[in-house]
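Next come the chains, spelled out residue by residue.
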Amino acid sequence: MTPELRAPRLRFVLTFAACAAVLPSVAAAQSGDVNVYTYREQKLIQPLFDAFTKDTGIKVNVISASSGLEQRMKSEGASSPADLLLTVDIGRLEDAVRAGVSQPIKSAALDQVVTPQYRDPEGHWYAISMRARVVYASKDRVAQNAITYEELADPKWKGKICIRSGQHMYNNALFAAMVAKHGEAKAEEWLRGLKANLAQKPSGGDRETARDVAAGKCDLGIGNTYYWALMMNSNPAQKPWAEATKVILPTFQGGGTHVNVSGVVLAKHAPNPANAMKLIEWLVGEKAQHIYADINYEYPIRAGIAINPTIAGYGALKADSLPLSKIAGNAKTAATLVDKVGFDN
Ligand SMILES: [Fe+2]
């Protein structure tokens, strides 16, 4: 087909797409569909929505993106088709609230499952699943099986630690927790110590820290709990990275392990709040929580759900007791400190 012939057709497609972006709010309100905006990978969440539709007959439409969904909801305003936003990380949940695209959730069922530590005091977000920020340690070169986050700044680890960017949301939350625990001045000192221990400029993602430990570039990598399980069980090319390392669940001095969450926000202009609430409550139910545990390798937010055996193999998680809202409150300070100490330079 020549470009001349293609052009009108392309214009039609674009026009149709522009209309389609507005139409679902009306269509969805009538049909009862729930429209989910999400940063989560489709393959991770589709099994959940399929099971929900099977249980309830309610269809779920998914719009995935890697960034900008809060802005999109904001610019769509009252005609936004979004019923809920599903995302990972306390920073992103708070971003949505700050953008003004959420509304408070009121649900006794949710309050019963999700402890106050893992939900917004005003109800603007609820955690659905948990992950911990841990250490992937070289099996060959690291003898110890316990460590504190504070110890990561000990000069004994000089040149031995690998980590992704200090501004990545996973590290931001960990550093913000350090600020909440010890205050800004101590956290800065700790961050300088950690930076001094880095084997290389922060780079890559969590899996690459395991790769670099396996390659002997560093002895400790910082990563999330589910990546190690994914490398070990679902990725033959990365399995050797997991096999070369052991997962240590670090704790804060006098505290527990730093936990972050995936969570949900009910959209301010949700066309279908009733069905959206059905989905949110279903997501913390037993069936969904088993899926989070076994397909996503996350810790269930609901008590009494078995943790996946690979994850359980890390040892018993003793989650730190700091409320996530306190961590979120220190996110900006943590980001400023990362720049101040030149962490990523
Ligand atoms: Fe991740």
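Parameters and conventions
Each chain has its residues counted from 1, following the order in which its sequence is written. Only residues with pLDDT of at least 70 are given local features in this predicted model, and only at 80 or more are side-chain atom pairs given and counted; all residues enter the totals for whole chains, interfaces and linings. Excluding hydrogens and water, the side-chain values take into account all heavy atoms of the structure. For every domain, the bounds stem from an assignment made automatically or drawn from a database. Here, residues are in contact when the closest pair of their heavy atoms is within 4.5 Å. What gets called buried area is simply the loss in accessible area from a 1.4 Å probe that two parts show on being joined, summed for both. Definition used for salt bridges: Asp or Glu carboxyl oxygen within 4 Å of a side-chain nitrogen of Lys or Arg. Polar contact criterion, stated in full: a pair of N or O atoms within 3.5 Å, where within protein one must be able to donate a hydrogen and the other to accept it, and residues adjacent in sequence count only if both atoms are side-chain atoms. Strands are runs of DSSP state E lasting at least 2 residues, helices are runs of H or I lasting at least 4, and numbering of each runs from the N terminus. Distances decide who is a donor: an N, O or S atom must be within 2.8 Å of the metal, or within 3.2 Å for Na, K and Ca. Water is not included, so sites may look incomplete. Relative accessibility thresholds used throughout: buried, under 20% of the residue-type maximum; exposed, over 50%; partly exposed, between the two (1.4 Å probe, protein chains only). Axes here refer to lines fitted to C-alpha atoms; in helices the fit is confined to the stretch in contact. Angles between the N-to-C directions go from 0 to 180 degrees. Working rule for angles: under 35 degrees goes down as roughly parallel, over 145 as roughly antiparallel, 65 to 115 as roughly perpendicular, anything else as oblique.

**Quick notes on the domain arrangement of the protein**
Right, on to step 1. According to the domain assignment, the protein contains domain 1 (3-130 + 260-312) and domain 2 (131-258 + 321-340).
Right, on to step 2. Centre-to-centre, using C-alpha coordinates, domain 1 lies 28 Å away from domain 2.
Right, on to step 3. Taken together, the 20 residues of domain 1 in the interface contact 20 residues of domain 2.
Right, on to step 4. In this assembly, domain 1 packs against domain 2 so that about 1,700 Å² is buried in total across both faces, 64% of it on carbon and sulfur atoms.
Right, on to step 5. Per-residue buried area on domain 1 facing domain 2 is highest for Gln-117, Asn-260 and Tyr-297; these three make up 35% of the total on that side.
Right, on to step 6. Between the two partners, domain 1 and domain 2, sit 1 salt bridge.
Right, on to step 7. As a salt-bridge pair, Arg-131 and Glu-298 come within 2.8 Å of each other at their nearest N and O atoms.
Right, on to step 8. Inspection of the region where domain 1 meets domain 2 yields 7 residue pairs in polar contact (both at pLDDT 80 or more).
Right, on to step 9. Every element with two or more residues in the side of domain 1 that touches domain 2 is listed here: α5 (90-98), β9 (259-267) and α14 (309-312).

**What to know about the coordination of the iron ion**
Right, on to step 1. Only Tyr-170 (OH), Tyr-226 (OH) and Tyr-227 (OH) from the protein reach the iron ion as donors, at distances of 1.9 to 2.1 Å.
Right, on to step 2. Linear spacing of the donor residues for the iron ion on their chain is Y-x55-Y-Y. Here Tyr-226 lies in helix α10 (residues 225-234) and Tyr-170 lies in helix α7 (residues 169-182), a separation of 56 residues in the sequence.
Right, on to step 3. Under the relative-accessibility criterion, Tyr-226 is labelled buried at 7%.

**Some thoughts on the packing of α7 against helix α16 (residues 331-340)**
Right, on to step 1. Contact geometry for α7 and α16: axes closest at 8 Å, N-to-C directions at 105°. When the axis of α7 is compared with that of α16, the two are roughly perpendicular. Of α16, the residues touching α7 (which contributes Asn-172, Phe-175, Ala-176 and Val-179) are Ala-331, Thr-333, Ala-334, Ala-335, Leu-337 and Val-338.

**Let's talk about unusual backbone geometry**
Right, on to step 1. Not every positive phi belongs to a glycine, and Asp-89 is a case in point at roughly 85°.
Right, on to step 2. Following the sequence through the fold, Asp-89 ends up in the loop between β3 (84-88) and α5.
Right, on to step 3. According to the relative accessible area criterion, Asp-89 is buried, its value standing at 2%.

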